[in-house]
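Descriptive structure summary
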Amino acid sequence: DLLVIGEVALALVALVGAGLFAKSFRSATSMSPGFESKNVLVSKFYLSPSGYTGAQQRADFMLRLRDRLQTSPGVVEAAYAESIPLGYAGTAGCDVQVPGYVLQPGEGLSADRNFVSPEFFHLLRVPILNGRAFDARDELKGAPVAIVNQAFAHHYLNDKDPVGMQIHGCGVQLNIVGLAKDAKYYTFLQEARPMIYAPFAQRYGPVGDYDQGIGVF
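All of the points below concern the structure found in this document. The structure displayed is predicted, hence computed values, not measured ones.

Section: the overall build of the protein chain
Per the secondary structure count, the protein chain includes five helices and ten strands. Residue burial in the protein chain is summarised as follows: out of 217 residues, 37% are buried. The long-range share in the protein chain, meaning contacts at least 24 apart out of those at least 6 apart in sequence, stands at 74%. Summed over all atoms, the accessible surface of the protein chain reaches about 12,300 Å², with 59% contributed by carbon and sulfur.

Structural notes on the packing of aromatic side chains
Tallied over the full model, the rule gives seven aromatic pairs. When the centroid spacing of 6.0 Å and the interplanar angle of 45 degrees are considered together, the rings of F120 and Y197 count as tilted. Within this pair, whereas F120 is found in helix α3 (residues 120-123), its partner Y197 is found in strand β9 (residues 195-199), the two being separated by 77 residues in sequence. Judged by centre distance (4.9 Å) and plane angle (55 degrees), the ring pair of F152 and Y156 falls under tilted. Placement of the pair is F152 and Y156 together in helix α4 (residues 150-157), with a separation of four residues, close to one helical turn.

Observations regarding the layout of surface pockets
Considering only enclosed or pocket space, the second largest pocket measures out at about 200 Å³ in volume. As for the second largest pocket, its lining consists of 17 residues, of which L63, A136, D138, E139 and A201 are closest to the centre. The set of elements that each furnish at least two residues to the lining of the second largest pocket consists of α2 (55-70) and α5 (200-203). The element that contributes the greatest number of residues to the lining of the second largest pocket is α2, accounting for five residues. In terms of residue class, the lining of the second largest pocket is built from ten nonpolar, two polar and five charged.

Some thoughts on the state of the cysteines
In this structure the tally under the stated criterion is one disulfide. There is a disulfide in this structure between C94 and C170, and the S-S distance comes to 2.3 Å. Disulfide C94-C170: torsion about the S-S bond near -60 degrees, hence left-handed. In this pair, C94 is assigned in strand β3 (residues 92-97) and C170 in the loop between β7 (166-169) and β8 (172-180), connecting sequence segments 76 residues apart. In this pair, the class of C94 matches that of C170, namely buried.

Focus: the environment of P162
Counting through the fold element by element, P162 comes out in the loop between α4 and β7. Relative accessible area serves as the criterion here: at 0%, P162 is assigned to the buried category. Each C-alpha atom, one on P162 and one on G178, is 7.4 Å from the other, the two residues being 16 residues apart in sequence. Beyond its immediate sequence surroundings of up to four residues, P162 is in contact with V148, A153, L157, I176 and L179.

Concerning empty space enclosed by the protein
The full count for this structure, using the stated rule, is one cavity of 30 Å³ or more. What the largest cavity holds in volume is close to 60 Å³. D112, N149, A183, K184, Y185, Y186, Q190, A192, R193 and M195 are the residues that line the largest cavity. For the lining of the largest cavity, the class distribution of residues is five nonpolar, two polar and three charged.

Reading the values: the criteria
- Residues numbered from 1 in each chain as written.
- Predicted model: local features only at pLDDT ≥ 70, side-chain atom pairs only at ≥ 80, totals over all residues.
- Heavy atoms only, no water.
- Helix = DSSP H or I, 4+ residues; strand = E, 2+ residues; numbered from the N terminus.
- Buried < 20%, exposed > 50% of the residue type's maximum accessible area, 1.4 Å probe, protein only.
- Contact = heavy atoms within 4.5 Å.
- Areas by Shrake-Rupley, 256 points an atom, 1.4 Å probe, with all protein chains shown as cover.
- Phe/Tyr/Trp six-rings, centres within 6.5 Å; stacked < 30°, edge-to-face > 60°.
- 1 Å grid on protein atoms, 1.4 Å probe; cavity = no way out; pocket = protein on both sides within 12 Å on 5 of 7 lines; lining within 4 Å.
- Points joined across faces, edges and corners; volume = space filled by probe spheres on them.
- Nonpolar A, V, L, I, M, F, W, Y, C, P; charged D, E, K, R; others polar.
- Disulfide = S-S within 2.5 Å.

If you want it as structure tokens, here you go:
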């Protein structure tokens, strides 16, 4: 009798656990990550081991690679970025200075960052809610610009329209040209975090600063 009771108890625990797992799985699959992943192929690689050391050299290589990919059979669009959303490595971060923002006790000013190509937002269907996406103007010699997400505007700007504002981020003065919808970068269950997007052509650093991997979509 005790053995039967024990088996029934274990079976009930397993059944309840399976039910909770199924519920969590359905909940996770129904959540939107903030970007479109269907029919998107991703590859990641590093440029420095192949001898690409300068920022302009790397940017030129990525332009050539994008152009070749876009003319490949079956490819609709190609983009590249420092970080892949919901990838294994997450994103890097950088210090920020936001005029008028009052620090809370023990708080440091920081945000996640991602250096992306102009096609990034359109390819992954990350909506630009206000302002513009990056374009050909945002090259190495152009004025440093950035796009921030809703979480950045909410946390640092009290939900004010950030377009046209200037902040200091990732070591340079940046003019905000766009507001992007929040997207998830670490897990489906994460709360939206402040994010700064910068043009890959302007901000991809030299090997001495950091050796970034590149995601190609």
